[in-house]
Amino acid sequence: MKYGHFDDNAKEYVITTPATPLPWINYLGSNDFFSLISNTCGGYSFYKDAKLLRITRYRYNNIPADSNGKYYYINDNGVIWNPGTMPSGTPVDSYECRHGLGYSRFTSSKNQLQAELLAFVPTDEACEINCLKLKNNSSEEKHISLFSYVEFCLWNAMDDMTNFQRNLSIGEVEIEGSTVYHKTEYRERRKHYSFFSVNTKVQGIDTSRDSFLGQGQGNAFPEAVRNRKARNSVASGWYPIAAHQIELTLQPGEEKEFVFVLGYGENPADDKWETPGVIKKTDAVRILERFNTTEKAMEAFAKLKEYWNTLLERFTVSSGNEHINRMANIWNQYQCMVTFNMSRSASYYESGTGRGMGFRDSCQDLLGFVHLIPERARERILDIAATQFPDGSAYHQYQPLTKQGNMDVGSGFNDDPLWLIAAVAAYLKETGDYSILDEPVRFDCKPGTEVPLLEHLNRSFQFTVTHLGPHGLPLIGRADWNDCLNLNCFSSEPGESFQTTGPSEGPVAESVFIAGMFVKYGREYEEICKRTGHEKEAEEAEKAVKKVYDAVLDAGWDGEWFVRAYDAYSNKVGSSECEEGKIFIEPQGFCVMAGIGLEEGNAEKALDSVQKHLETKYGIMILQPAYTRYHLELGEVSSYPPGYKENAGIFCHNNPWISIAETVLGRGDRAFDVYRKICPSYIEDISEVHRTEPYVYSQMIAGADAPRFGEAKNSWLTGTAAWTFVNLSQALLGIQPGYDGLIVDPCLHGKFGDFSVKRRFRDAEYHIEIHKPDGVQKGVLWIEVDGEKIAGNQIPLIPGKKEYHVTVQMG
Ligand code: GLC
Ligand code: GLC
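Note that this is a predicted model, so its numbers are computed, not measured. (Residues numbered from 1 in each chain as written. Chains lettered and ligands numbered in written order. Predicted model: local features only at pLDDT ≥ 70, side-chain atom pairs only at ≥ 80, totals over all residues. Heavy atoms only, no water.)

Chemist: What should I look at first to understand the packing of aromatic side chains in this one?
Modeler: By the definition in use, this model includes 58 aromatic pairs. Ring centres 6.3 Å apart and planes at 40 degrees place the aromatic pair Tyr-44 and Phe-46 in the tilted group. Just as Tyr-44 is buried, Phe-46 falls in that class too. Arranged with centres 5.3 Å apart and planes meeting at 65 degrees, the rings of Trp-481 and Trp-657 form a pair that is edge-to-face. In this pair, Trp-481 sits in the loop between helix 11 (453-465) and strand 27 (510-511) while Trp-657 sits in helix 16 (residues 655-664), placing the two residues 176 residues apart along the sequence. Given a relative accessible area of 6%, Trp-481 falls into the buried group. An aromatic cluster is defined as three or more aromatic residues linked by ring pairs; in this entry it consists of Tyr-3, Phe-6, Tyr-13, Trp-24, Tyr-27, Tyr-307, Trp-308, Trp-331, Tyr-334, Tyr-695 and Trp-716. Just above the ring of Tyr-239 sits the side chain of Arg-209; from NZ or CZ to the centre is 3.7 Å. We note Lys-801 situated over the ring of Tyr-804; from NZ or CZ to the ring centre the distance is 5.0 Å. (Phe/Tyr/Trp six-rings, centres within 6.5 Å; stacked < 30°, edge-to-face > 60°. Buried < 20%, exposed > 50% of the residue type's maximum accessible area, 1.4 Å probe, protein only. Helix = DSSP H or I, 4+ residues; strand = E, 2+ residues; numbered from the N terminus. Lys NZ or Arg CZ within 6 Å of the ring centre and 35° of its normal.)

Spelled out as structure tokens, the structure:
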């Protein structure tokens, strides 16, 4: 069953009912100002950091679940309704929500009054614009009372929902004309404020929540809206809000449009007052002036559309398969941008108050983003590297506003350092910009500790070399990619964090997954060393990689698949010897991607075992058999009920690893099948089972052991986005950025026909036509560049050349 449909021409998903199984959301903003917006207008906004600079308040665990947002209430002859239907829940006569790239548009009507709401964040100002148009489609004159409503968050979102003894006394606002300024804590250490305004004279304003809603009332039918009368309240402590009242008369056929702006402003600390007690409003005045007419707002909207069209043109495919075209050209890349911006911080499932930017998460997100805006990827790499410690280990997370490592979680996740190499290698291949390696970067953000980025890569590499366990495999530390495989934790107290309990280092527990990573990214490191003239270092690296490679084939091989790990007693995890959790997906995917056991035959066996033991109709499970009881020696992985999350869920993130691994073996049919099973567009038809948004990936789909098999959770913020884009663009469609040029090496289903790709790469435009005879899965017979045959499948870079016309014959 579907709850809407794709509109590929408009690059939108069109939701046709407010009653989706879960809130289906979108993200507005691409730089500093961000909003989340659901298909019923729920959500919240923040500036740069969802925890530290939260602009509007959202209540997780609310009932109804999604009932705070930026709302507009219409009182039409006593009938109160909202364009997105919430929070009144009043049924409307027609409804449509279009989630587009960086904007959402709602069109609904009730009693022949039509409302159209367009919400977006412009590309170059810290604000959200809401254009609201009301049209009278009846034959009678209508007198409408329109109210806006936002509830301010007192900046620190965590504090905002816990520290009431203070917070209920500190709320402050300023009102000037049609603008409400939220200035809690501005009197002391803050120098920023937010504001909410509309480009018309208003009949009333409320800034105290209780005055507007009515004492003790929810937000469904505010008292001021019922009475058609704002109280002109001025918040003092308690709960500051901003609500406008606009009275309007609409003749039959007449329409009126308003531009509401929610913005963020900042002042120099020593110049923040206009007059004592009155905020200096330079930013607000500029922003409001820029968008004070519908024409100006629409100009900003046109710029936003242009921005996205230009970005997405950097990679487009045109094939006979609409799912592939749609996901590659629109939604997969869009989700890559969102995960790059958010890491795992702010979604409807990540509260934005806990995890900031993850070290490993952000490095991986970058893999799917670097082709879009390489300069931002560069900046991100330098930020991440600065949270590394001198011994190569790294803070697991950092806060986007301060860019400081997060002490609460600390370090000890032994895969983290290697992801930095992955990110830098991807950046170098995409851009050829080796100057990044010379950038001075601090350790632990401490001034005076700067060393060139290349030295950080060396520390990353050396961290593994110096942390090998009894079998010559990398020590796992607190956990590796699988945050829940906590082999040194031994937690028996309820509520203890699995990620921070116990020693951060154990001398015994080892990870075969990290070994696979080390072989894959250790070789990249070796390559980078060679290319920068560090021959000796490259040789050393090669030797170290070889050792770990051998250790994997020796102690890391179980007979039919790769072992997952050795626990703190040196017992195998993910082996046929185990009572539960006999096979895990991660080492199968990563070791094969790293090329381990290709010649020896292990690779093929491992992937066959994945298909045999982990495959379901909804995707590939992370492990089998599920853990049915808590294993003290394994930690959180065994804490989840069977079939959920890391305990035998279909953890989407590592499905593309298997698909890529299959392309390494040249098995295109199988690689494509693995891709297809969790692809949002392919499974749109079962939205009532899957339940999350059909235009993006979710972190997890319940596995075969779960009562709700096939149901997805934690949509949007998942490494699945980046890895799938890597898989789709590089492994399946086969357009691979390489150090010395673009490489073409598709691996697809035998039935997948001819296709073409347009790709921007190193300041040039590549037009690539690929002929793929029926039945062929992999293999390039010849390539012509501008009519000339080339040797091999790497298109040579020609300095200054702006366009390449490439023809590829597979066979
Ligand atoms: C979450 C984390 C990610 C981790 C994964 C597996 O998605 O954000 O860092 O690798 O879970 O545990
Ligand atoms: C939990 C989740 C895991 C996530 C981790 C982050 O363990 O199961 O997916 O990576 O928390 O702290």
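Alright, that's what it looks like, and here's the rest.
Chemist: Would you mind going over the sheet that holds strand 28 (residues 565-566) with me for this structure?
Modeler: Adjacent strands of a sheet form backbone hydrogen bonds with each other and so pair up, either parallel or antiparallel. With antiparallel pairing, 3 strands are arranged side by side in an open sheet as 27-28-29. In this open sheet, the two strands that pair with only one neighbour each are strand 27 and strand 29 (572-573). With 2 bridges joining them, strand 27 and strand 28 adopt antiparallel strand pairing. Across the sheet, residue Ser-511 finds its bridge partner in strand 28, namely Ala-565. (Pairing = 2+ DSSP bridges.)

Chemist: When you look at helix 7 (residues 322-342) in this model, what are you seeing that I'm missing?
Modeler: Think of an α-helix as turning once every 3.6 residues; residues three or four places apart then point the same way. Over its 21 residues, helix 7 runs 28 Å from end to end, which matches the ideal 30 Å to within 8%, given 1.5 Å per residue. Burial of helix 7 is extensive: 20 of the 21 residues sit out of reach of the surface. (Expected span 1.5 Å × (residues − 1).)

Chemist: How should the pattern of salt bridges be read in this particular structure?
Modeler: Per the counting criterion, the structure on display carries 66 salt bridges. As a salt-bridge pair, Lys-543 and Glu-540 come within 3.9 Å of each other at their nearest N and O atoms. One end of the pair, Lys-543, and the other, Glu-540, are both in helix 13 (residues 535-555), 3 residues apart, so they sit about a helical turn from each other. Salt bridges sharing common partners tie together Asp-124, Glu-125, Asp-283, Arg-286, Arg-290 and Lys-303. (Salt bridge = Lys/Arg side-chain N within 4 Å of Asp/Glu carboxyl O.)

Chemist: How should the nonpolar core be read in this particular structure?
Modeler: In this structure, Ile-129, Leu-134, Leu-146, Phe-212, Trp-419 and Trp-723 are the most contacted members of the largest nonpolar core, which totals 256 residues. If sequence neighbours within four positions are ignored, Trp-723 has contacts with Gln-364, Leu-367, Trp-419, Tyr-521, Phe-590, Met-593, His-653, Pro-656, Trp-657 and Ile-660. (Core = buried A, V, L, I, M, F, W, Y, C linked by side-chain atoms within 4.5 Å. Contact = heavy atoms within 4.5 Å.)

Chemist: I'm lost on the pairing of strand 22 (residues 315-319) in this one. Help?
Modeler: Consecutive side chains of a regular strand alternate in pointing toward one face of the sheet and then the other. Residues Phe-315, Val-317 and Ser-319 of strand 22 are buried on one face, while the alternating residues Thr-316 and Ser-318, pointing to the opposite face, are not. Pairing of strand 22 with strand 39 (residues 755-761), which is carried by 5 bridges, proceeds in the antiparallel orientation. Residue pairing for strand 39: Val-317 is matched across the bridge by Val-757.

Chemist: Would you mind showing me how to read the packing of helix 6 (residues 294-312) against helix 7 here?
Modeler: Two packed helices can be described by the angle between their axes and the distance between those axes. Remark: helix 6 packs on helix 7, axes separated minimally by 11 Å, with the N-to-C direction vectors making an angle of 105 degrees. With respect to helix 7, the element helix 6 is oriented roughly perpendicular. Facing helix 6, whose interface residues are Tyr-307, Trp-308, Leu-311 and Leu-312, helix 7 presents Asn-329, Ile-330, Gln-333, Tyr-334 and Met-337. For the contact of helix 6 with helix 7, the residue count by class is 7 nonpolar, 2 polar and no charged. (Axes fitted to C-alpha atoms, helices over the stretch in contact; angles between N-to-C directions. Parallel < 35°, antiparallel > 145°, perpendicular 65-115°, else oblique. Nonpolar A, V, L, I, M, F, W, Y, C, P; charged D, E, K, R; others polar.)

Chemist: Would you take a moment to explain the site of ligand 1 for this structure?
Modeler: Lining the immediate environment of ligand 1, one finds Arg-344, Arg-355, Arg-360, Asp-361, Trp-481, Asn-482, Asp-483, Glu-646, Phe-651 and Gln-699. At 3.0 Å from an oxygen atom of ligand 1 is found a main-chain nitrogen or oxygen belonging to Asp-483. Between ligand 1 and Gln-699 there is a distance of 3.0 Å, counted from an oxygen atom to a side-chain nitrogen or oxygen. In isolation ligand 1 exposes 310 Å². Once the protein is present, 97% of that is buried. Here the shell around ligand 1 is composed, by residue class, of 2 nonpolar, 2 polar and 6 charged. (Near = heavy atom within 4 Å. Polar contact = N/O pair within 3.5 Å; in protein donor to acceptor, adjacent residues only side chain to side chain. Areas by Shrake-Rupley, 256 points an atom, 1.4 Å probe, with all protein chains shown as cover.)

No statement about biological role is implied by the geometric values presented.
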